[in-house]
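Okay, here's what each chain looks like letter by letter:
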Amino acid sequence: MENMVNIFLFGKKYQVPDSLTIMRAMEYSGYQLKRGCGCRNGFCGACATIYRIQGDRELKACLACQTKVEDNMYIATLPFFPLIKQVYDIEKVSITEQVMMQLYPEIYACVGCNACTKACTQGLNVMQYIAYAQRGEFEACAEESFDCVMCGVCSSRCPAGISHPQVAMLARRINGKYLAPKSEHLATRVQEIKDGTFNELIEALMQKPVEEIKELYNNRDIEK
């Protein structure tokens, strides 16, 4: 017999096994997930969720695919956050701090409350990478925000209305385009793909059974 716990999905009570993630518990309860489920492995950021345990005043944020249910957990999924996403041409943007002032001026209204960092589902130091963006330190901002999955939970808690994931994305694009060392072997490989060098190999792989493909993948030569 599995140990069952009580959870509340959008206010309605269900009993589910305590071994399930929130996402699996929703399906166990009869919900058919058509959006807000994505990769199911913690990398796409599509399943942003807020919850509170009965008797606890703290509202917590998580990814539903990673977090196991707890007894008397009140759950609401939030598959979309209205983040501000500015349109720009990466070929033309300035690599000075002025670009942030022009595109995301709200970052300079940060009050240093650190709510973004506390809410981050990936445990990132969000307030720190925003501070780097304010100073035009794009390489540091890109490094600090590298594991961001753009779930948007940080922005949902921000009193200044900062779209943290979009600020981080701009910093990473600037870093990749202008600041990071060029990867010549990558450029060569991309051109080979465009030229069709690997078409026959890809076609041959597609004909193989899934188990054989897994075996080839697991035993491949990994570049150091």
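Located above this text is the structure these notes cover.
Residues numbered from 1 in each chain as written. Predicted model: local features only at pLDDT ≥ 70, side-chain atom pairs only at ≥ 80, totals over all residues. Heavy atoms only, no water.

**Q** Hey, could you run me through the overall build of the protein in this one?
**A** Tallying secondary structure elements over the protein gives ten helices and five strands in all. Relative to its length of 224 residues, the protein is extended, with a C-alpha radius of gyration of 22 Å against a globular reference of 17 Å. Seen through its C-alpha atoms, the protein measures out along the principal axes to roughly 55 × 55 × 30 Å. Looking at the 224 residues of the protein, the share that counts as buried comes to 34%. Taking the contacts inside the protein whose residues are at least 6 apart along the sequence as the reference set, 57% of them involve residues at least 24 apart. (Helix = DSSP H or I, 4+ residues; strand = E, 2+ residues; numbered from the N terminus. Rg over C-alpha atoms; globule rule 2.2 N^0.38 Å. Buried < 20%, exposed > 50% of the residue type's maximum accessible area, 1.4 Å probe, protein only. Contact = heavy atoms within 4.5 Å.)

**Q** Sorry, what's going on with the pairing of strand 1 (residues 4-9) here?
**A** Regular strands have side chains that alternate between both faces of the sheet. Strand 1 sits mainly inside the fold: five of its six residues count as buried. The pairing of strand 1 with strand 2 (residues 12-17) spans six bridges and is antiparallel. Paired with Phe 8 across the bridge in strand 2 is Lys 13. The hairpin turn running from strand 1 into strand 2, its antiparallel successor, is two residues long, and Phe 10 in that turn takes a positive phi close to 55 degrees. Here strand 1 pairs with strand 5 (residues 73-77) via three bridges, running parallel. The residue bridging Ile 7 from the neighbouring strand is Met 73, located in strand 5. (Pairing = 2+ DSSP bridges.)

**Q** Help me out: how do you make sense of the sheet that holds strand 5 in this one?
**A** Pairing between sheet strands relies on hydrogen bonds along the backbone, with the strands arranged either parallel or antiparallel. Across the sheet, five strands lie side by side as 2-1-5-3-4; this open sheet has mixed pairing. Among the strands making up the open sheet, the edge pair consists of strand 2 and strand 4 (60-63). Recorded for the sheet is a direction-independent mean angle of 35 degrees between the axes of neighbouring strands. (Axes fitted to C-alpha atoms, helices over the stretch in contact; angles between N-to-C directions.)

**Q** Please explain the pairing of strand 4 as it appears in this structure.
**A** Sheet analysis places strand 3 (residues 48-53) next to strand 4, joined by four bridges and oriented antiparallel. Bridged to Ala 48 within strand 4 is Leu 63. In sequence, strand 3 turns back onto strand 4 through a hairpin of six residues, with Gly 55 there showing a positive phi of about 90 degrees.

**Q** In this structure, what is going on with a negative patch on the surface? I would like to understand it.
**A** Where like charges cluster on the molecular surface, the negative patch consists of Glu 2, Asp 18, Glu 70 and Asp 71. With respect to the helices, strands and loops of the structure, Glu 70 is situated in the loop between strand 4 and strand 5. (Patch = residues over 30% accessible without salt bridge, like charges linked within 9 Å, V, L, I, M, F, W, Y side chains within 5 Å. Areas by Shrake-Rupley, 256 points an atom, 1.4 Å probe, with all protein chains shown as cover. Salt bridge = Lys/Arg side-chain N within 4 Å of Asp/Glu carboxyl O. Lys, Arg positive; Asp, Glu negative; His and termini not counted. Charge placed at Lys NZ, Arg CZ, Asp CG, Glu CD.)

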